[in-house]
Amino acid sequence: MVNKFVALLLFVCLWQTSKLYAQKMPALEQQISITLKADSLIKVLTKVQNRTKLIFSFDPDLLRMYQAPAIHFVNTPMTTVLKKIFKGTPLTFALVGNNIVITRSKPAVWAIHGHVHSEDDGEELIGATVYIPELKVGVITNQYGFFSLSVPEGTYDVLVSSLGYETQLKNIYLNKNIDLETELPPKTKLLHEIEVKQTITPNPLLQNEQNYSPAALGMKAYYAGETDVVKALQMQNGIKAISEGSSGLFIRGGNSDQNLILLDEAVVYNPSHLYGLVSVFNPDAINNIQVYKDYIPANFGGRLSSVIVNRMAEGNNKEFHLSGGINMMSARISAEGPIVKDKGSFIIAVRRSLLDVFRNKFKLFNPNSIYYDLNAKANYRLNKNNSVYYSLYAGQDRLLSENSFRNDWGNLTSTLRWNHIFNSRLFMNASAIYSNYSNLLDLNADTLSQKSQWNTGVRDITIKADYTFYSSPVNLIKFGLSSTYHQFTPGQTKNKENNEFNIAKDKSVESAIYYNQEIFFNNSFEINFGLRLGMFQNAQERLDIFDSQGNRVKQYDYKTFINPEPRINISYLLNDKKRLFVTYNRNYQYLQLVQNSTLAFSSLEPWVPASGKIAPQYTDLLSAGYRYSPGNYTFSTSAYYKKLSNQLDLIGHAQIIQNPDIRSQLKAGKSDVYGFEAEINKTEGKLTGTLAYTYSRAFRTIQGINDGNRFAANYDIPHELKLSASYVFNKQFSLQTFFTYSTGRPLTLPVGYYRHDGINVPIFEGRNTSRFPDYSRLDISGQYHLETPLSKKRSLSSIISVGIYNLYNRKNPLYYHLTTDASIDQKSSLEYAFGFFPWIAYSFKL
């Protein structure tokens, strides 16, 4: 009897447990048996709800347009039933609480990524556009020619375009990540087609930087027919030259040392040949130039005013070519070709001056002076996700004075890069970089055996990694880190045992991490923001520590700086042709160039780092602007205010060479800069050109200089007007002209003299209270292009250029020469620059 009772109790417990389990079983796991005819989706769900007592939550407007198929299920989980009902619709379901919520499913998102190349030579195209018209989204290739664009699954037409190239239309079905390697054919190889199109980025309205191509720069010949990158930049609005023939760049009230000038990511500390008459950048070896002078992204640091990125050409990976040219200043030749066709290429370019051949006379150096430089680069694509690059630059000047004293200087840079694609959205560039700048100057001596040389220089080793994450078409993230080891030689005597006049050396480590993001909102607002965290550690040798025997003891003074650098740019697009923007930058600079304000031409200024005695420079920039691009014209205007702190200047009569106390003779203060720029461009048609005007002021206030009173900076040039134009007559012949006018730069002149031991000693009053005469110049040049067939596949392309520099023979001043000889009545005289100068040049490509 007991056994029967226990069995009955056990049966009841199991039955109740099964009921309780069935009640608590998740709704989507319940099994149902149901048969329904095809009907509207809403009616089918209502019948399922009535049959199962489940609750469906949905928006009727979302489901009204869809039909459900006929269904028949026996003891089938609800999940399977609903999948059958929703098949063929963009709908999905999920259990939320006790309700089954029906929503529109999010389509899968896939990425189109790859590189854009020139079909002609395989060069990566920087700033090319990849655009999907249906979605109205696009992306621009980065400085390595890479892009990534993430969009929902579907079939799309993709437009790939770049200035000077045919636009390609590619139809793709996107159901996975796609590697889209694209080659664009040039529109034409003819001169007029290259020039009549705008010479900056595909959409200048949306860019924070300016891009210049070799084709654009090739149309701007300078003195003696020399095509020059830096001189071409000096023809742009807001970029000033302190005097004629100088390669110094003074951008928005900044000094020449406040520009970060890069060649394949390596810093170029002295970008000039012949004291600035020519720059170190061979036009045959340059692929692209980018200039940042408003918003400076957080991946760049170390300078206050601008960033100028020079990207070397990579060479033709299709076929071998030879090119070159000759003018009254120099001769150059370059060779390029594939290492492995379509996978790797090389380029070698050599240039040498011809001053000693044509015997051109210059006031600053002997015509026997020479310069030369070498550019070399090779690249190889290991596989679709990995490419390696190596580039080298070596340049040297050997200048002779009237009495045969020499001044030799040169730059040596080397860059090894690795591009790696982790996945369709994450791109990396890793670099190992070497840069070495050195300068040697002969010093006066009574005898040849006593002759010695003064040496200055900077040597860098840099390791860096930059990452780009393409989150979506409206969200781009960049981050990375870098570290540079600097070795500074501010000045030391060579070939001489006595080193009492040497300037203490420095060793520094400059490191940084950064984060930068670009976000678009509603196709109207764009915000670029970033943060750079920099650290600078310096060790400066002590020259005043000796042991008991009088031997110098190696000892260093150490100093560390850590500073954040926030940057932000906000843009508002009024429509697809109008843009308003406002920018704020905080930048730190830990290296400074010690400059003598009286020297318009010099390569002798030493670089010194921030230390216990010298605080790092920093600046706050606020700028705002408006850009309007209707049809064939572009109009832009901007205003800016810049406050610079810890600005260095030498006290009066300070000497740079053989001055071990040079650091104590540097005084620090502040600088206030403000300005306004306006520019109008005609970008298409037979006649193209630019009219630009700049008003800017730069003042300094430094205790210990000018009695602590505010004074104009050496590069304070209030008014500057520039006009450039080009007219294409036909396929062969074009004409170019350039005119510039500017206020004379400040200088300090003596107000009197007194005699001491037969020497006139000048007496100066206020700093920079006088000015040079106003500067103006008109240049004109013409180019004739011809093709000479050599075979069915190859022809000789030649360009003959003629021109006149300084057409109306304006006497523009170079510098004032002060005489210390008491026997000469005239104490000072004005030295003038180049006058009327006709020239001829020839270039070719085979």
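Values in this document were obtained by computation on a predicted structure and should not be read as measured data. (Residues numbered from 1 in each chain as written. Predicted model: local features only at pLDDT ≥ 70, side-chain atom pairs only at ≥ 80, totals over all residues. Heavy atoms only, no water.)

What is the right way to look at the overall build of the chain in this model?
Within the chain, the secondary structure is distributed over eight helices and 55 strands. Out of the 846 residues in the chain, the part that is buried amounts to 52%. A separation of at least 24 residues holds for 64% of the contacts in the chain among residues at least 6 apart in sequence. For the chain, the accessible area works out to roughly 38300 Å², and carbon and sulfur atoms hold 56% of it. (Helix = DSSP H or I, 4+ residues; strand = E, 2+ residues; numbered from the N terminus. Buried < 20%, exposed > 50% of the residue type's maximum accessible area, 1.4 Å probe, protein only. Contact = heavy atoms within 4.5 Å. Areas by Shrake-Rupley, 256 points an atom, 1.4 Å probe, with all protein chains shown as cover.)

Whenever I open this one, the pattern of salt bridges confuses me. Can you help?
Pairing is possible between side chains of opposite charge, provided their charged atoms come close. Applying the stated rule across the entire model yields 29 salt bridges. Its salt-bridge partner being E565, residue R567 comes within 2.8 Å of it at the nearest N-O pair. Each member of the pair, R567 as well as E565, is classed as buried. Note that E720 and K722 form a salt bridge whose closest N and O atoms lie 3.7 Å from each other. Salt bridges here are not isolated pairs; linked through shared partners, they connect D264, E265, R311, K377, K464 and D466. (Salt bridge = Lys/Arg side-chain N within 4 Å of Asp/Glu carboxyl O.)

What is the right way to look at the pairing of strand β6 (residues 91-96) in this model?
Looking at chain direction, β6 and strand β7 (residues 99-104) are connected through six bridges and run antiparallel. When the sheet's bridge partners are listed, L91 is paired in β7 with R104. Counting the residues that bridge the hairpin from β6 to β7 gives two residues, and of these G97 lies at a positive phi of roughly 70°. (Pairing = 2+ DSSP bridges.)

Hey, could you run me through the sheet that holds β6 in this one?
In any sheet, the strands associate via hydrogen bonds between backbone groups, in a parallel or an antiparallel arrangement. An order of β3-β7-β6 is seen for the three strands of this open sheet, with the pairing classed as mixed. The open sheet terminates on both sides in strands that have one partner only, identified here as β3 (55-57) and β6. On average, each strand axis in the sheet is tilted by 30° relative to the strand beside it, whichever way the strands run. Its contacts with the sheet place helix α2 (residues 41-52) against β3, β6 and β7, and it is angled at close to 150° to β3. (Axes fitted to C-alpha atoms, helices over the stretch in contact; angles between N-to-C directions.)

What is the right way to look at the environment of F422 in this model?
Relative to the helices and strands, F422 is located in the loop between β30 (406-421) and β31 (426-443). According to the relative accessible area criterion, F422 is partly exposed, its value standing at 43%. For the pair F422 and N385, spaced 37 residues apart in sequence, the C-alpha to C-alpha distance is 7.3 Å. Once residues within four sequence positions are removed from consideration, F422 is found in contact with M428 and Y467.

Explanation requested: α2 in the structure shown.
Note: α-helices contain 3.6 residues per turn, so residues at a spacing of three or four share the same orientation. Under the 1.5 Å per step criterion, the end-to-end length of α2 is 17 Å for 12 residues, consistent within 8% with the ideal 16 Å. Of the positions making up α2, those classed as buried are L41, V44, L45, V48 and T52. Taken down its axis, α2 places every buried residue within 95° of arc, on the same side. Just downstream of α2 lies K53, where phi reads positive at about 65°. (Expected span 1.5 Å × (residues − 1). Arc of directions from axis to C-beta.)

By themselves these figures say nothing about function.
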